[in-house]
Amino acid sequence: MSQAPEKSPRYHQGMATRRSVLGDSYVDQAQKSKTAFDEPFQDLITEAAWGHVWSRPTWTKRERSMVTIALLAALGHHDEVAMHVRATKNTGATPDDIMEALLHVAIYAGVPAANHAIKIARNALQQMEADSEREEGR
């Protein structure tokens, strides 16, 4: 049996950034549910997407959040759109920011892509608001 390779500094930075954007609960669940089959992919996205791209100092997390939502919407990656809309509670992107990003999607990637993404974003924002109200009512 081969020993798992040690994680790189970029991986560790990526994990910290991933947690700061998506939240500990989401990342813990992803880590818990990974298998030997998909672990290399999880390592790749942690190191490359989160450790390299999301950890760069040039843009804020808010800016990266808006661009990411727009790109995911344009490409029709609906589950990822919802996940990144939920992550805006940690990135500082506002509902107005999300709408501006999706208006760009309508013009540059097509109205149907934006229309569907707006529905997804609206539902995610409504769920976030309901969750917040439940937490406040505790």
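Every value quoted in this text rests on a predicted model; they were computed, and no experiment measured them.

J.: Explain the environment of proline 40 here, please?
T.: Here proline 40 is to be found in helix α3 (residues 39-53). Residue proline 40 is classed as exposed on the basis of its relative accessible area, which comes to 52%.

J.: Mind showing me how you'd approach a negative patch on the surface here?
T.: On the surface, Glu129, Glu133, Glu135 and Glu136 cluster together into a negatively charged patch. Mapped onto the fold, glutamate 133 is located in helix α7 (residues 111-137).

J.: It is not clear to me how the packing of helix α4 (residues 61-75) against helix α5 (residues 78-91) should be interpreted in this structure. Could you clarify?
T.: What describes two packed helices is the angle between their axes and the distance between those same axes. Put simply, α4 and α5 touch, their axes get as near as 9 Å, and they point 170° apart. By the angle between their directions, the pair α4 and α5 is classed as roughly antiparallel. As α4 runs across α5, the sense of the crossing is left-handed. Here Lys61, Arg62, Ser65, Thr68, Ile69, Leu72 and Ala73 of α4 come into contact with α5, specifically with Glu80, Val81, His84, Val85, Thr88 and Thr91.

J.: Hey, could you run me through the packing of helix α1 (residues 9-22) against helix α2 (residues 24-33) in this one?
T.: For the pair α1 and α2, interaxial distance at closest approach is 6 Å and the crossing angle is 125°. As judged from the angle between their axes, α1 and α2 are oblique. For the pair α1 and α2, the contacting residues are Tyr11, Met15, Arg18, Arg19 and Leu22 in the first and Asp24, Tyr26, Val27, Asp28, Ala30 and Gln31 in the second. For the contact of α1 with α2, the class distribution of residues is 6 nonpolar, 1 polar and 4 charged.

What counts and how
Residues numbered from 1 in each chain as written. Predicted model: local features only at pLDDT ≥ 70, side-chain atom pairs only at ≥ 80, totals over all residues. Heavy atoms only, no water. Helix = DSSP H or I, 4+ residues; strand = E, 2+ residues; numbered from the N terminus. Buried < 20%, exposed > 50% of the residue type's maximum accessible area, 1.4 Å probe, protein only. Patch = residues over 30% accessible without salt bridge, like charges linked within 9 Å, V, L, I, M, F, W, Y side chains within 5 Å. Areas by Shrake-Rupley, 256 points an atom, 1.4 Å probe, with all protein chains shown as cover. Salt bridge = Lys/Arg side-chain N within 4 Å of Asp/Glu carboxyl O. Lys, Arg positive; Asp, Glu negative; His and termini not counted. Charge placed at Lys NZ, Arg CZ, Asp CG, Glu CD. Axes fitted to C-alpha atoms, helices over the stretch in contact; angles between N-to-C directions. Parallel < 35°, antiparallel > 145°, perpendicular 65-115°, else oblique. Left-handed = near helix turned anticlockwise from the far one by under 90°. Contact = heavy atoms within 4.5 Å. Nonpolar A, V, L, I, M, F, W, Y, C, P; charged D, E, K, R; others polar.

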